[in-house]
Every structure is written in structure tokens, then in C-alpha cells.
Amino acid sequence: MKIRVLGGDGGIAPGLRTTSFLINDRILIDAGASATALSISRQESIDYVIISHPHIDHVKDLPFMVDNIFGAREKPMCIVSVPPVIGHIKKHLFNDILWPDFAKIPSKSNPTIVYKAVKERIKIDDLTIRMYSVNHPCNAVGFILEDANGAVTITGETGPTELIWQKTNATKRLKAIFTEISFPIEQEAVANISGHFTPKTFREELRKIHANVPMYIYHLKPRFNQTLLNEIHDLKIDNLTVVEQEDEFIF
Ligand SMILES: [Zn+2]
Ligand SMILES: [Zn+2]
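These notes cover the structure that comes with them. Counting restarts for each chain, with residues numbered from 1 along the sequence as it is written. Each chain is given a letter, starting from A, and each ligand a number, starting from 1, according to the order in which they appear as written. With the structure being a predicted model, the display of local features is reserved for residues of pLDDT at least 70 and the display and counting of side-chain atom pairs for 80 or more, all residues being used for whole-chain, interface and lining totals. Calculation of side-chain values draws on the structure's entire complement of heavy atoms; hydrogens and water are dropped beforehand.

Here we take up the sheet that holds strand β2 (residues 20-23). With mixed pairing, seven strands are arranged side by side in an open sheet as β8-β5-β4-β3-β2-β1-β16. Each edge of the sheet is formed by a strand with only one pairing partner; in this case those strands are β8 (113-117) and β16 (248-250). Mean inter-strand twist for the sheet, computed between neighbouring axes without regard to direction, equals 20 degrees. Here, any two strands with at least 2 DSSP bridges between them count as paired. Secondary structure elements follow DSSP: runs of H or I no shorter than four residues count as helices, runs of E no shorter than two count as strands, and numbering proceeds from the N terminus. Where strand β5 (residues 77-81) and β8 come together, five bridges link them in parallel fashion. For helices, the fitted axis covers only the stretch in contact; all axes are lines through C-alpha atoms, and the angles between them, taken along N-to-C directions, range from 0 to 180 degrees.

Below is the structure:
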């Protein structure tokens, strides 16, 4: 499984890109940077866009990408998530107000996008992607991706949580965990109320994670970037790395 970090920042400022991971060149996990990072021909090759939750930093490039690929593909691009998240995207994004409803453009029988609401899992080629609720607003989910070579957890955004760790612990051949740290230690109250980790709450969370695998951190809020890098460094956790834009991993 190939994972390329198109964006892993917790906000926008010059040079920063919000969350988007490209999986095996044709699947996106979140679309915070896909139109920004990929050429139009690469965008045309995306068959599935899997959305963790509808917050703007995770969907903001989706309207532009859909606009770019309009008329260029044989098949519609498929937007995938759990049913409530699909509902939010239909109602609040492609709603003919914020952006045209590309599920009926150019026609209902030949649309640019289709939606796929899945309860827990979807299989794409030899890759199985499972979705589990995490502690973040708007019905957010995290993911466990698995193929013949192993499994990777991508939690999406979350504060202290349970289910995805239970499922991660039960997953054999786990190769890596991607998760977030958004706010510095002094902002713990804000982090807790908004469903995010600080370095301190993340360290406490490690007790729930049994696997000893590399952990990759993303979603640092830009204003606190240097403080967070210092605090994460001070955790002195082996195998913990803050991802950088355009990092590529093979698992
Ligand atoms: Zn969010
Ligand atoms: Zn976010």
C-alpha cells in the first residue's frame, strides 16, 4: 500500500496544506489538498474520495477537483463515507448554493460524482477500508486500511477515543498508525471540547494502543506549529514522526 501525504497541516497559511492522503494513486482519504497538490490529469485518475468528516479543511479541495474533472472521466468519481457524513456533504457542500450539485451534472443518469454511503467497510481492488467513529464532531470516522501486505490505521481527527483503538489492537499485521495532534498542552480545554489531542492527552492515549509500530502525526495547527514540534519532541517517544507534505510511505 502506497500512502502519499498531499497535506497534513491543521490549517492554511502560505506553504501549508490541509489534510489529504493519496492511497495507491487512485484513492483519497480526505480532500483538503487534492486539487492543490495534484495535476489535473492526476486528479482525473482519482476513483474514490473517502471523507473522514465534513469539516472544511477536509473537503475544501473537493469542489475544485470535481470542477476540474468534469467531462474528463468515463465513470463518475465516487465519494465515500458513513451515511451521516454523506448526508452532510450533500446538504451543505454540493447543494446548488455553495457549489453546484455535481451528482446531477451533466445529468442524473451520467453524473460527475456519485455517493456511496457505507456502514463499516468498502473493498477497492485488494484494499479493504474499515470506518469507525472517533471523538470529533459531525459523525467523524477514522480508518483501518488493509491489504495482503498489512494494515494501517488513519484516525482522522480525534480527541481521546476508544473504538478505533480496540479495532486497531485486534488488527493483525499492523504496520503504522497515522493520527493527529492539533493543540499545544496549554490549550487542553479547547482541544478536549473540539475533539483533538494535545501532546499530553496523546501520551495518555498511548496506554490504549497495544501495537508497537511507527506513529505519524499530522494536523498541527499552524499558529502553534513550533510550540507543538517542541512539545512533541519533548515526549521522547520512539517511532513518532510528524509527517511532512509530500512524504511517501510504502507498507
Ligand atoms: Zn474536524
Ligand atoms: Zn481538520
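Around the zinc ion (ligand 2), the protein contributes the donor atoms D57 (OD), H58 (NE2), E157 (OE), E157 (OE) and H219 (NE2), at 1.9 to 2.7 Å from the metal centre. Look at where the donors of the zinc ion (ligand 2) fall in the sequence and you get D-H-x98-E-x61-H. Only nitrogen, oxygen and sulfur atoms within 2.8 Å of the metal, or 3.2 Å for Na, K and Ca, are treated as donors, and water is left out, so sites may look incomplete.

Right, let's talk about the coordination of the zinc ion (ligand 1) for a bit. Protein-derived coordination of the zinc ion (ligand 1) comes from H53 (NE2), H55 (ND1), H136 (NE2) and E157 (OE), at a distance range of 2.0 to 2.5 Å. Each label reflects the angles at the metal, where four donors whose angles all fall between 85 and 135 degrees are tetrahedral, four or six donors whose opposite pairs open beyond 155 degrees and whose other angles stay between 65 and 115 are square planar or octahedral respectively, and the rest are irregular. Viewed at the metal, the four donor atoms of the zinc ion (ligand 1) are separated by angles of 95 to 158 degrees, and the geometry they form is irregular. Of note, the donors binding the zinc ion (ligand 1) are all from one chain and are spaced H-x1-H-x80-H-x20-E. Here the zinc ion (ligand 1) and the zinc ion (ligand 2) are spaced 3.9 Å apart, linked through E157, which binds each one. Of the two residues, H55 is situated in the loop between β4 (48-50) and α3 (56-59) and H136 in the loop between β10 (127-133) and β11 (141-147); the sequence distance between them amounts to 81 residues. On the basis of relative accessibility, which here comes to 8%, the residue H136 falls in the buried class. Any residue under 20% of the maximum accessible area for its type is buried, any over 50% is exposed, and the rest in between are partly exposed; the area is computed with a 1.4 Å probe on protein chains only.

What follows is about the packing of aromatic side chains. When two rings of Phe, Tyr or Trp (its six-membered ring) have centres within 6.5 Å they constitute a pair, described as stacked for plane angles under 30 degrees, edge-to-face for angles over 60, and tilted for the intermediate range. Across all of its chains, the model carries twelve aromatic pairs by this definition. Consider the rings of F70 and F102, whose centres lie 6.2 Å apart with planes at 65 degrees: the pair is edge-to-face. Remark: F102 occurs in the loop between α5 (83-92) and β6 (106-107) and F70 occurs in the loop between α4 (62-69) and β5; sequence separation between them is 32 residues. Note on F102: relative accessible area 5%, which makes it buried.

The subject of this paragraph is the pattern of salt bridges. By definition here, a salt bridge exists when the distance from a side-chain nitrogen of Lys or Arg to a carboxyl oxygen of Asp or Glu is within 4 Å. The full count for this structure, using the stated rule, is 17 salt bridges. A salt bridge links R173 to E146, with the nearest nitrogen and oxygen atoms 3.7 Å apart. Here the residue R173 occupies a position in the loop between α6 (163-169) and β13 (174-180), and E146 occupies one in strand β11, the gap between them amounting to 27 residues. Residue R173 is classed as partly exposed on the basis of its relative accessible area of 41%. Shared partners join several salt bridges into a network, and the residues in it are R26, D47, R73 and D125.

Among all positions in α4, only L62, P63, M65, V66 and I69 are buried. Viewed along the axis of α4, the buried residues span an arc of 165 degrees, placing them on a single side of the element. Just downstream of α4 lies G71, where phi reads positive at about 80 degrees. It is the directions from the helix axis to the C-beta atoms whose arc is reported.

Next up on the list: α5. All of the buried residues in α5 are V85, I86 and I89. Considered in projection along α5, the buried side chains sweep an arc of 100 degrees and stay on one side of the axis. Any two residues whose heavy atoms approach within 4.5 Å are treated as being in contact. Here the buried face of α5 lies against β5 and β8.

Just distances and angles here, no functional claims.
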